[in-house]
Amino acid sequence: MPRLDNHRQPRNRGAALLTALGILVLFVMLGSAYVQYMAIEKDEADYEIRKARARMLAEGGLNAGIGEIQAAIARGETPAERYEFRLPIYVYRGQGTEVFPQTVEVVVRDENARINLNHAPLSVLTSVGFDPSQARALIASLPGNGKTGAWLTSLDELRTRHILSLEEFGTMDKGLFTVYSAADQADPRAFLNVNTMPPAGLAAVFGVSRDEAAELAQKRPFSDWRDVAAKSGRDPSTYNIKPSVEGGDVMPDALTFTSRTYHVTCTAFVQSESARRQDARYPVDAVIVFLDNGDYEVRHWISGIGNTSETNGPAPEATVETSGVVETSPIASPDAQSDGTTDAAK
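Below is a summary of the structure that appears in this document. (Residues numbered from 1 in each chain as written. Predicted model: local features only at pLDDT ≥ 70, side-chain atom pairs only at ≥ 80, totals over all residues. Heavy atoms only, no water.)

Now for the packing of helix α6 (residues 199-206) against helix α7 (residues 210-218). For any two helices packed against each other, the geometry is given by the interaxial angle and the distance between the axes. Look at α6 against α7: their axes get within 8 Å of each other, and the N-to-C directions meet at 110°. One element, α6, and the other, α7, form an angle in the roughly perpendicular class. On the side of α6, the interface is formed by P199, A200, L202, A203 and F206, while α7 contributes R210, A213, A214, L216 and A217. (Axes fitted to C-alpha atoms, helices over the stretch in contact; angles between N-to-C directions. Helix = DSSP H or I, 4+ residues; strand = E, 2+ residues; numbered from the N terminus. Parallel < 35°, antiparallel > 145°, perpendicular 65-115°, else oblique. Contact = heavy atoms within 4.5 Å.)

We now examine helix α8 (residues 225-232). If you check which residues of α8 are buried, you get W225, D227, V228, A229 and S232. In the core, the buried residues of α8 are packed alongside α6, α7 and β8 (255-256). At the N-terminal boundary of α8, the capping side chain belongs to D224, with an oxygen 3.2 Å from the backbone nitrogen of R226. (Buried < 20%, exposed > 50% of the residue type's maximum accessible area, 1.4 Å probe, protein only. Polar contact = N/O pair within 3.5 Å; in protein donor to acceptor, adjacent residues only side chain to side chain.)

On to helix α3 (residues 132-140). Among the residues of α3, Q134, A135 and L138 are the ones counted as buried. Projection of α3 onto a plane perpendicular to its axis shows the buried side chains occupying an angular sector of 100°, all on one side. Contact partners of the buried residues in α3: α2 (122-127), α4 (157-160) and α5 (166-171). (Arc of directions from axis to C-beta.)

Time to look at the packing of aromatic side chains. Considering all chains together, one arrives at six aromatic pairs under this definition. Considering the side-chain rings of Y83 and F85, the 6.2 Å spacing of their centres and the 20° angle between planes classify their relative orientation as stacked. We classify Y83 as buried; its relative accessible area is 14%. On the basis of an interplanar angle of 65° and a centroid distance of 6.1 Å, the ring pair of Y262 and F290 is categorised as edge-to-face. Here Y262 is found in strand β9 (residues 261-271), whereas its partner F290 is found in strand β10 (residues 280-290), with 28 residues between them in sequence. Its relative accessible area of 5% is what places Y262 among the buried residues. Geometry around F169 places K174 over its ring, the cationic atom sitting 4.6 Å from the centre. (Phe/Tyr/Trp six-rings, centres within 6.5 Å; stacked < 30°, edge-to-face > 60°. Lys NZ or Arg CZ within 6 Å of the ring centre and 35° of its normal.)

For the rest of this paragraph, the subject is the pairing of strand β1 (residues 82-92). Only one face of β1 is covered, namely the face carrying Y83, F85, L87, I89 and V91; the face carrying R82, E84, R86, P88, Y90 and Y92 is uncovered. Looking at chain direction, β1 and strand β2 (residues 97-110) are connected through eleven bridges and run antiparallel. Note that in β2 the partner of R86 across the bridge is T103. Hairpin connection, β1 to β2: the antiparallel pair is bridged by four residues, and G94 has positive phi, about 85°. (Pairing = 2+ DSSP bridges.)

Pasting the structure below:
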């Protein structure tokens, strides 16, 4: 019997060794997985920091742009189409805070230079490329004259209301249209600026050809309604937007010579120190109405769409803030003109 015990002991010790090695391998694998998990978590945390910095840059740039537009309007000037600002990013480096100035670009678009689809008459809509049946369907879907429709809040509603097909919507010039420019939807006034509209818009408003509209645009600025009639060479009663009073001496309520509604966009980028990490992109987009008393109202505000390094497609966490009437920009005619930064942070 003692001999049998002596033979069994080496086999037991071999099994124990294999068990120990197996446990050791398991712990190595768990430790490696934990290290990888922590590296991913650190990358995610770093990205959230970069995204927060990009958001602060974008919102700071947009607010700086609003200030520049206010100042230009106060001076009686037309705001620039683009502004650049050097804004700081503050980064804590253990011993203290370092400052990394970044350049952000603000793009400004004149909403009063666009055809407002909520208030355009049938003749204007057909002049910019809508089929008469489409124009009538659009007008019938809006409130007014006892109808219980709803105002357009974005160009996308031309599809969702089945006014345009997906293909028609995709080929239209969206830079010619807006739904934001009327300060009061129930009583829209002074929402079409004839001094800044592109020739396609002038052609639609005055009922002239594109060539005549291009020539008329060269004669701007218009100083008053008589100046408009004289330079157009046409009786105002023939315009697609008629004078407010019969006789043509009073400008239509819809028209104006100055703009007060602007679409302001600022997109900030913050680059990663490492090529394998994701850069942060954060856009802020707003429509601002500037009041005669120097104040302004936010008509539409959307931030965080596409806030990764990808430029196509919205991110799921976009937030929208609106004040007053909500709106966005819609359709356009075939030859209508469309409207036509970023730096590394540590």
